[in-house]
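# An overview of the molecular structure
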Amino acid sequence: MGMVKKFDFAHVAEGIARQAGALLRGFYAKGVATEYKGDVDLVTEADRASEQLIVEKLKAAFPSHGVYGEEGTRSGLDSEYRWYVDPLDGTTNFAHGFPAFCVVLGLERRAAGLAADADGEMVAGVIYDPLRDEMFSAERGKGAWLNQRKIAVSKIATLQESLTATGFPSKKRHESPNVHFYNEITLRSHGVRRAGSAALDLAYVAAGRLDGFWEFNLNPWDTSAGYLMVEEAGGTMSHFDGGKFTLDSRETLGTNGLIHGEMVHLFTEMFAGRELGAIPSPAEFAARRAAAK
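Below you will find a few notes about this structure. Since this is a predicted model, take the numbers as computed values, not measurements. (Residues numbered from 1 in each chain as written. Predicted model: local features only at pLDDT ≥ 70, side-chain atom pairs only at ≥ 80, totals over all residues. Heavy atoms only, no water.)

Moving on: the packing of aromatic side chains. One pass over the full model with this rule turns up 20 aromatic pairs. Taken together, a centroid distance of 5.6 Å and an interplanar angle of 50° make the contact between tyrosine 28 and phenylalanine 94 tilted. Placement of tyrosine 28 in helix α1 (residues 10-34) and of phenylalanine 94 in helix α3 (residues 91-96) is noted, with a sequence separation of 66 residues between them. Phenylalanine 94 gets classed as buried once you look at its relative accessible area, which sits at 2%. Ring centres of phenylalanine 94 and phenylalanine 101 lie 5.0 Å apart, and the angle between their planes is 80°; on these two criteria the pair is classed as edge-to-face. On the accessibility criterion, phenylalanine 101 (1% relative accessible area) is buried. By the ring-pair criterion, three or more aromatic residues cluster together here, those being Phe181, Trp214, Phe216, Phe240, Phe267 and Phe271. Against the face of tyrosine 68 rests arginine 74, its NZ or CZ located 4.0 Å from the ring centre. Of note, arginine 209 hangs over the ring of tyrosine 204, and the distance from its end group to the ring centre comes to 4.8 Å. (Phe/Tyr/Trp six-rings, centres within 6.5 Å; stacked < 30°, edge-to-face > 60°. Helix = DSSP H or I, 4+ residues; strand = E, 2+ residues; numbered from the N terminus. Buried < 20%, exposed > 50% of the residue type's maximum accessible area, 1.4 Å probe, protein only. Lys NZ or Arg CZ within 6 Å of the ring centre and 35° of its normal.)

In structure tokens, the structure reads:
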């Protein structure tokens, strides 16, 4: 099944993400061993060290490219190519020793004359889970890959049979409307997971492990690589109303494409404050499933 094509950028990003991942593994082991549970300093140190390594290696490999990092790196943003970097997605998990975090690198190509507030085109992305040694990578027109095997979104056709994921903001959680969506979709599906790393959730949609993912108010470094990955794996990315996805990521909805319409409909009805249809009983679920066959 090996790599049938040559990546222009993703192979370099893979190597850099691997090195950053190894660095994070070291910090993580140290934190778990010393029971620095929820320790902010450890996370800050890991986060900064990872971003520093990534930025140095990116600059060496692609001197003309810009870098936009979560930890504050802003350089060469007027370049044709811009890397979005999340050196540690899943910081709360990391701090508590919960094993779900990753390194994210997404590459955007911005054509000459593009307005500053307009999105360019995502051309490459990697999401690396250092604890499972899983490297998700994608390049425009070349598919999505997991450890050099091609991946594709799931074939689950209905929300009632799907497993989805979401996330909640770490700050102002009590103000987040998402708990209402979480409740409705939990009741109407096989379940909703909340693993604490948006980038990994999007990678899992691409790999068919999840059928959909939604979240409010993410950042471009959370979504840039996953956006491309979901699309290259055959899925669909949009805002909650089905409109074109944008990197400002106020709304992120990524699915296998098959349940996209159903999820958009649910969001539309909920935002409008309309009463949703009754939730089918297990017997009705079974009857619907049989009828669908």
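Under the defined criterion, the tally for this structure stands at 10 salt bridges. A salt bridge links arginine 140 to glutamate 121, with the nearest nitrogen and oxygen atoms 3.3 Å apart. Residue arginine 140 is found in the loop between β6 (134-139) and β7 (144-146), and its partner glutamate 121 is found in strand β5 (residues 121-129); the two are separated by 19 residues along the sequence. A relative accessible area of 32% means that arginine 140 is categorised as partly exposed. When its relative accessible area of 36% is taken as the criterion, glutamate 121 is described as partly exposed. We note a salt bridge from aspartate 129 to arginine 132, for which the minimum N-O separation is 2.9 Å. According to the relative accessible area criterion, aspartate 129 is buried, its value standing at 1%. Classification of arginine 132 by relative accessible area gives partly exposed; the value is 47%. Connected through shared salt-bridge partners, Asp8, Glu139 and Lys142 make up one network. (Salt bridge = Lys/Arg side-chain N within 4 Å of Asp/Glu carboxyl O.)

In this section: the nonpolar core. As a rule of thumb, soluble globular proteins bury nonpolar side chains together. Ranked by size, the top nonpolar core spans 35 residues in total, and within it Ile54, Leu58, Trp83, Phe94 and Leu105 carry the most contacts. Mapped by element, the contributors of at least two residues to this core are α1, α2 (40-61), β3 (81-89), α3, β4 (102-109) and β5. A per-element tally of this core places α1 first, with eight residues. Apart from residues no more than four positions distant in its own chain, tryptophan 83 is found in contact with Phe9, Ala13, Leu58, Phe62, His65, Gly66, Val67, Tyr68, Leu105, Gly106 and Leu107. By size, the runner-up hydrophobic cluster in this structure holds 34 residues, among which are Ala144, Ala206, Leu210 and Phe213. (Core = buried A, V, L, I, M, F, W, Y, C linked by side-chain atoms within 4.5 Å. Contact = heavy atoms within 4.5 Å.)

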